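Spelled out, the chains give:
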Amino acid sequence: MIKTLLLSAAAVAIGPASGSVAVVTADGDKNRPVTKVITLLKDMQKQLQKEADEDEAIYDKMACWCQTNDREKTEAIKTAEVRIDGLTTKIEELTAGSARLNTEIKNLEKEIAENQDSLDKATAIREKQLAEFNAEEKDLLESVSALKAAITVLSKHHSGGFLQVANNRILGVAATLENELSKHAALLQGVLSPSERRAAAAFVQAPADYFDAAPTFKQSYAPQSGEIFGILRQMLDTFESNLSASQKEEQANQAAYEELKAAKEAEIKAGQDQISTKTGELADTDEKNAQAKVDTDDTKASLSADEQFLGMLKEKCQMTDKEWEERQKTRQLEMEAVSQALAVLSSDDAHDLFTRTFNPSLLQLASSTAYSDRRAAASQVLADAAKKAHNPHLATLAYQVKLDAFTRVKKAIDDMIAQLLKEKDDEIKHKDFCTDEFHQNQLQTEKKDREEQDLTAKIEDLTMAIEQLAHAIEALKGEIAEMQVQLKRAGEDRELENKDFQTMVADQRETQKLLKTALQVLGDFYNKKTASLLQRQEPAGPPPPAGFETYKNNAGSGGVIQLIQQIISDAKAMEAEAIRSEEDAQKAYEDFVKETNASIEAKSKDIVEKSEVKARAEGELVETKEAKEAVILELEQLSNYNAQLHQSCDFVLKNFDLRQTARDEEIEALRQAKAILSGAKFDNFLQRS
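Residues numbered from 1 in each chain as written. Predicted model: local features only at pLDDT ≥ 70, side-chain atom pairs only at ≥ 80, totals over all residues. Heavy atoms only, no water.

## Some points on the overall build of the protein chain
The following threshold applies: Here a helix means four or more residues in a row that DSSP labels H or I, a strand means two or more in a row labelled E, and each is numbered from the N terminus. Whether two residues are in contact is decided by their heavy atoms: any pair within 4.5 Å suffices. Computed with the Shrake-Rupley method and a 1.4 Å probe, the accessible areas treat only the protein chains shown as cover for residues.
A tally of regular secondary structure across the protein chain gives twelve helices and zero strands. Written out in order from the N terminus, the α and β elements of the protein chain read α-α-α-α-α-α-α-α-α-α-α-α. Long-range contacts, defined here as pairs at least 24 residues apart, represent 89% of the contacts in the protein chain between residues at least 6 apart. Only carbon and sulfur atoms are counted for the fraction: they give 55% of the accessible area of the protein chain, which is about 42,500 Å².

## Some thoughts on the state of the cysteines
Operational definition: Counting rule for disulfides: a pair of cysteine sulfur atoms within 2.5 Å. Each residue's exposure class comes from its accessible area (1.4 Å probe, protein chains only) as a fraction of the maximum for that residue type: buried when under 20%, exposed when over 50%, partly exposed otherwise.
With the rule as written, the count across this model stands at two disulfides. One disulfide bridge connects cysteine 66 with cysteine 317, the sulfur atoms lying 1.8 Å from each other. Measuring handedness by torsion sign, the sulfur bridge of cysteine 66 and cysteine 317 sits at about -100° and is left-handed. With cysteine 66 in helix H2 (residues 27–159) and cysteine 317 in helix H5 (residues 225–346), this residue pair connects regions lying 251 residues apart in the sequence. Across the disulfide, cysteine 434 is cross-linked to cysteine 649 (sulfur-sulfur distance 1.9 Å). Here cysteine 434 and cysteine 649 share a disulfide; its torsion about the S-S bond, -75°, makes the bridge left-handed. In this pair, cysteine 434 sits in helix H9 (residues 407–535) while cysteine 649 sits in helix H10 (residues 557–654), placing the two residues 215 residues apart along the sequence. For cysteine 434, a relative accessible area of 0% translates into the label buried. Among the residues examined, cysteine 649 registers a relative accessible area of 0% and is labelled buried. Cysteine 64 carries a free sulfur, and the closest cysteine sulfur to it, the one in cysteine 66, is 9.2 Å from it. Judged by relative accessible area, which is 47%, cysteine 64 ranks as partly exposed.

## Comments concerning a negative patch on the surface
Condition: For patch building, the residue pool is restricted to those with more than 30% relative accessible area and no salt bridge; the joining distance is 9 Å between like charges and 5 Å between nonpolar side chains (Val, Leu, Ile, Met, Phe, Trp, Tyr). When a carboxyl oxygen of Asp or Glu lies within 4 Å of a side-chain nitrogen of Lys or Arg, that pair is called a salt bridge. Counting rule applied: Lys, Arg positive; Asp, Glu negative; His and chain ends not counted. In plain terms, the charge of a residue is placed at NZ if it is Lys, CZ if Arg, CG if Asp and CD if Glu.
On the surface, Asp53, Glu54, Glu56 and Asp60 cluster together to form a negatively charged patch. On the secondary structure map, glutamate 54 appears in helix H2. On the basis of relative accessibility, which here comes to 42%, the residue glutamate 54 falls in the partly exposed class.

## Thoughts on the packing of aromatic side chains
Stated precisely, the cut-off is as follows: Note on aromatic contacts: the rings of Phe and Tyr and the six-membered ring of Trp form a pair at centre separations within 6.5 Å, being stacked when their planes are under 30 degrees apart, edge-to-face when over 60 apart, and tilted otherwise.
Inspection of the entire model under this criterion finds two aromatic pairs. Centre to centre, the rings of tyrosine 59 and tryptophan 324 are 4.7 Å apart; their planes meet at 10°, and the pair counts as stacked. Of this pair, tyrosine 59 sits in helix H2 while tryptophan 324 sits in helix H5, and the two are 265 residues apart along the sequence. With a centroid separation of 6.3 Å and an interplanar angle of 75°, the aromatic rings of tryptophan 65 and phenylalanine 309 are classed as edge-to-face. Of this pair, tryptophan 65 sits in helix H2 while phenylalanine 309 sits in helix H5, and the two are 244 residues apart along the sequence. Note on tryptophan 65: relative accessible area 23%, which makes it partly exposed.

## Focus on the environment of aspartate 295
Turning to its location among the elements, aspartate 295 is positioned in helix H5. C-alpha of aspartate 295 to C-alpha of isoleucine 84: the two residues are 211 residues apart in sequence and 8.5 Å apart in space. Setting aside chain neighbours within four positions, we find aspartate 295 in contact with Arg83, Leu87, Val622 and Glu626.

## Considering the nonpolar core
Defined as follows: What we call a nonpolar core is a set of buried Ala, Val, Leu, Ile, Met, Phe, Trp, Tyr and Cys residues that are connected through their side-chain atoms within 4.5 Å.
In terms of nonpolar packing, the biggest core is built from 24 residues, with Leu177, Ile231, Leu232 and Met235 touching the most fellow members. Secondary-structure elements contributing two or more residues to this core are H2, helix H3 (167–183), helix H4 (194–205) and H5. Residue contacts for isoleucine 231: discarding those within four places in its chain leaves Leu177, Leu192, Glu196, Ala199 and Ala200. Among the nonpolar cores identified, the runner-up in size contains 15 residues, and Val338, Leu420, Ile667 and Leu670 belong to it.

## Description of the side chain of lysine 448
With respect to the secondary-structure elements, lysine 448 resides in helix H9. If we ignore the near neighbours within four places in the chain, the residues touching lysine 448 are Val631, Glu634, Leu635 and Leu638.

## Quick notes on the pattern of salt bridges
Overall, the coordinates contain 28 salt bridges when judged by the stated rule. Taken together, the shared-partner salt bridges connect Arg100, Glu104 and Lys278 into one network.

## Some remarks on the confidence of the model for the protein chain
The following threshold applies: Confidence scores here are pLDDT values: one per residue, from the predictor, ranging 0 to 100.
Mean pLDDT for the protein chain: 76, with 74% of residues reaching 70 or above. For the protein chain, per-element mean pLDDT is lowest for helix H1 (residues 2–14), which scores 38, and highest for H10, which scores 87. Across residues 213–222 the pLDDT falls below 50, and counting only partners more than four positions away or on other chains, this stretch makes six contacts in the model. Throughout residues 529–541 the model reports pLDDT below 50, and contacts reaching past four residues in sequence, or to other chains, amount to six contacts.

## Some points on H4
Spelled out, the test is: Expected helix span is taken as 1.5 Å per residue step, with the number of steps being one fewer than the number of residues. In this context, the arc is that of the directions from the helix axis out to the C-beta atoms.
Taking 1.5 Å per residue as the helical rise, H4 with its twelve residues ought to reach 16 Å, and the 16 Å between its terminal C-alpha atoms agrees with that figure. Buried residues of H4: Ala199, Ala200, Phe203 and Val204, and no others. Viewed along the axis of H4, the buried residues span an arc of 140°, placing them on a single side of the element. What points out from H4, more than 90 degrees from its buried face, is the exposed set Pro194, Arg198 and Gln205.

## Let's talk about the environment of serine 648
Checked against the element boundaries, serine 648 lands in helix H10. Counting along the chain gives 590 residues from serine 648 to isoleucine 58, while the straight-line C-alpha distance between them is 9.0 Å.

## As for the side chain of lysine 73
Within the secondary structure, lysine 73 is located in helix H2. Setting aside residues up to four positions removed in sequence, lysine 73 forms contacts with Asp306, Phe309, Leu310 and Gln637.

Now the structure itself:
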C-alpha cells in the first residue's frame, strides 16, 4: 500500500510522460497524492504510539518481576545465611554430644565387663569353697560316725561291768583312733595333751591290754579304757564342733555370695539399662546431627542457587532497562521524524505549493509540454556529454536541471528506511534468541524431568530401606529383652536348683547317718550275742538238766542289715550323682550366661550399627526429598520462563517471514519513491511493479 501511494505521488509530481493533456477541476483531486502521503504518515504515528504502549506494558511487567524476585531472593539469601550459622552451631553441639555419649557407653561397657568378671571370679571362688566344704563335711561326717561307733563299743564295755569285748571290735576301735589321729592331726593340734597322745598311741599299739578281764596293778583304780573313752569323746566333740562351724561358715559364705551376686547383677543390669538408654540417645543425636548436616548442605545449595538466580536477575533486568531506554530513544526519533515529515507536508506553504504544482489550469498546456520536453532533452544532452567526457560538473548540472525540490521528503524517507532496517536486524536477533532459548529450555526441562524420576525412585528405595531397618532394630530389641528375661529366669532356676541340691545332699547325708546308726546298733547286738555264746563254758560236775534251746538270731536280721547297707550305698551313689549333676548344671548355667551376654552384646552392637545406617538413610532421604523439591521448583521456573518465551516470541516466530517480507517491500517502496522523487524514470518503475 505504501509502495503504491508513494509511486502514485511521484507520478503525479513528475507529470505525464506523453503530450496528452489531463484536465483536473476539483481541489481534492488535485491534492489527492499528497493527502494520501499525509494519511500514511498519520497511520505510522498511530502505529508507533501503539508499539510504544505495548513496549511500556511489557517493561512494566518485567520491572514488577525484577522488583518482586529481587526482594524475595535478597530476603531468602539473608534467611539462608542466618540458618547456616544456626545449623553450624547445632552440628558442633551434636558432635560434642555424640562424642560424650560414645565415651560414656564405652565406660559403662568397661564397668559391666569388670562387674561380670568380678561375678565370675566370685562364682569360681564360691564353687571352690562349696567343693572344699562338701569334701570336708563328708570327711567330718565319716569321722564323727566312726568315732560314735567306737564310743558305742567302749560305752558298752564300761556299762557292762567290765565285760569282755570281742577282739575284732577292739582292733576296729584302735584302727579308727589311729586313722582319725593321722587324718585330722592339724585339727587335733592343741586339743589332746601329750599324755593323752601317748595313751592313744599305746592303745593303738596294744589295744587288748586295755580290756583284760581282771584289772592289773595299774588298773586297780580305773580301767585304762576309760582314758581312751575320754579321748574319743573329746575328739568327737572337736569334730562335731568343727563340722558345725564349717556348716555355719558355708552358710555365711553362701549368703555373702548371694548378696554379692545380687549386687553385681543389679549393677550389670543398671549398666545395661544405661547403655540401652544412651545408645538410643546416641542414635537420636547422630540422626539429628546427620539431619543438621543435610540441612546445612541443602541450605548452602539453595543459597548458591538463589545467589546465582539473583545475579542473573540483576543482569537481565539491567539489560532490559538498557534495551527499554534504547527502544524508547529510537522510537522517539522515529516519531519525531514522522512528525517532522508530516509537519512539512501539512504546512500552509506546502499546501499552496502542491496546489500550484498539481493544478494544470494555472499553466499553459502547450508551454508546459514544450518546457518539459526541453528540460528533459537538455538534461539528456548534458548527461550524455558528461558520460562521454567523464565530466562530473556536467553530470551535476544535468542532475540539477532534472531534480525537483523534495529534499525534506527524501530525508524523512531515508530516516524511515534506516529505522526499518534497524527493526529488521532487531527482529532477526530476537528470533534467533527465541529459537535458542526454546531449545535450551526444552533440554533443561527434559534433564530435570529425568532427575525428578531418579529422585522419586531413590526416595522409594530409601523409604523401604528405612522401614526394613526399623523392623530389624525392633526385632533385635525384642530379642535382647527376651534374652534378658531368659537370663533372669535361668538365674532364678539355678538358685532354686542349688537350694534343692543342698537340701537333697543334706537329706542324703542325714539318711546315711541314721542308717549307719541303726546298722551299728544291730551289728553291736548280733555280734555281741554271738561272742557271748562262743565264750560260755560248761562247769565241772554232772551236766544240768535240759534247759532252753540255743538262742538263735532272727532269721531276717541278716537281710535287714544287708538291706540297710544297700540303702546306704544307694544314698552315697545318689549323693555323688547329685554332686555331679550340680556341677554340670552350674557349668551349663555359666556357659548359658556367657553365651547370652555375648549374644546381647553382639545384638546391641548390631542395633547401634543399624541405627547409624538408618540415621544416614533418613538424612539422605531428607536430602533427596529437598533435592526433588528443588528440581520441581526449577521445573516450575522453566515452565514459567517457557510461558514468558511464548508470550514474547510466539508472534515473532509465527509471523517472522511475513513481517520480514512486508518490511523488505516497504523498504523497497520507500527506496523507489525516493528514486522517483530524485528524478528516476517513472515508466521503468511502473514496468517493474
